[in-house]
Amino acid sequence: MNKLNVGLVRLFQFIVFVVFVFVVIVYFGAMVLLPLDAIVMLIKLFSVIGLNAFISAFIAIPAIGYLGLIVYKTPGLCKLVVDTGVELITLGKAKVEAFNAIADSVKS
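### Section: the overall build of the chain
Then, in step 1: Helices and strands together make up the secondary structure of the chain, namely three helices and zero strands.
Then, in step 2: Along the chain, helices (α) and strands (β) appear in the sequence α-α-α when read from the amino end.
Then, in step 3: Its C-alpha radius of gyration of 22 Å places the chain more than 25% over the 13 Å reference for a compact globule of 108 residues.
Then, in step 4: Each of the three principal axes of the chain carries a C-alpha extent, and together these read 70 × 30 × 15 Å.
Then, in step 5: Relative to its full complement of 108 residues, the chain shows a buried share of 14%.
Then, in step 6: Partitioning the intrachain contacts of the chain with sequence separation of at least 6 by distance along the chain shows that 69% fall at a separation of at least 24.
Then, in step 7: Carbon and sulfur atoms make up 79% of the accessible area of the chain, which amounts to about 8,000 Å² in all.
Then, in step 8: The positive charge centre, built from 8 side chains, and the negative charge centre, built from 5, are 5 Å apart in the chain.

### Remarks on the environment of Ser56
Then, in step 1: For Ser56, the position within the fold is in helix α2 (residues 53–73).
Then, in step 2: For Ser56, a relative accessible area of 0% puts it in the buried group.
Then, in step 3: For the pair formed by Ser56 and Leu45, sequence separation is eleven residues and the distance between their alpha carbons is 8.5 Å.
Then, in step 4: Leaving out residues up to four positions away in the same chain, Ser56 has contacts with Ile43, Phe46, Ser47 and Leu51.
Then, in step 5: For Ser56, the side chain forms a polar contact with the main-chain oxygen of Asn52, separated by 2.7 Å.

### Digging into the packing of aromatic side chains
Any two aromatic rings considered together are summarised by their centre-to-centre distance and by the angle between their planes.
Then, in step 1: If you walk through the whole model with that rule in mind, you get one aromatic pair.
Then, in step 2: With a centroid separation of 5.4 Å and an interplanar angle of 80°, the aromatic rings of Tyr27 and Phe28 are classed as edge-to-face.

### What about the pattern of salt bridges?
Then, in step 1: Under the defined criterion, the tally for this structure stands at two salt bridges.
Then, in step 2: For Asp83, the salt bridge goes to Lys79, with nearest N and O atoms at 2.9 Å. Within this pair, Asp83 and its partner Lys79 are both found in helix α3 (residues 77–107), separated by four residues, close to a single helical turn.
Then, in step 3: Residue classification places Asp83 among the partly exposed positions, given a relative accessible area of 30%.

Cut-offs used in this document
- Residues numbered from 1 in each chain as written.
- Predicted model: local features only at pLDDT ≥ 70, side-chain atom pairs only at ≥ 80, totals over all residues.
- Heavy atoms only, no water.
- Helix = DSSP H or I, 4+ residues; strand = E, 2+ residues; numbered from the N terminus.
- Rg over C-alpha atoms; globule rule 2.2 N^0.38 Å.
- Buried < 20%, exposed > 50% of the residue type's maximum accessible area, 1.4 Å probe, protein only.
- Contact = heavy atoms within 4.5 Å.
- Areas by Shrake-Rupley, 256 points an atom, 1.4 Å probe, with all protein chains shown as cover.
- Lys, Arg positive; Asp, Glu negative; His and termini not counted.
- Charge placed at Lys NZ, Arg CZ, Asp CG, Glu CD.
- Polar contact = N/O pair within 3.5 Å; in protein donor to acceptor, adjacent residues only side chain to side chain.
- Phe/Tyr/Trp six-rings, centres within 6.5 Å; stacked < 30°, edge-to-face > 60°.
- Salt bridge = Lys/Arg side-chain N within 4 Å of Asp/Glu carboxyl O.

Printed below as a string of C-alpha cells:
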C-alpha cells in the first residue's frame, strides 16, 4: 500500500509539472503569436477594402512593428510581461517540489 501511495503522489507531481509546462509554453507562445496574428488580421482587413495582399502586407508589417516599438518603449511593460512568465516558472517549480515532501512523508 505504501508504494501505491508514493506512486499516486508521483503521478500527481507529474500532472502538475505537465500543467505548468503547458501554461508557460502557452504564455510565451502567445507573446510571439499575438503580433503575427495582428499582421494577418490587418492584411485581411486591407484585402476586404480592396488592396492587394502584397501591398497590404507592405503596410501591415511596419504598422505592427511600430506598435511593437511603442510597447517596447513603454517603461516597465516588457519587464512586467517577462517577470510574470518567470513567476509562473518559479511557482510551478515550487509546487512540483512540494510533492517531494509529501512523497517522503508517505514513504516513512
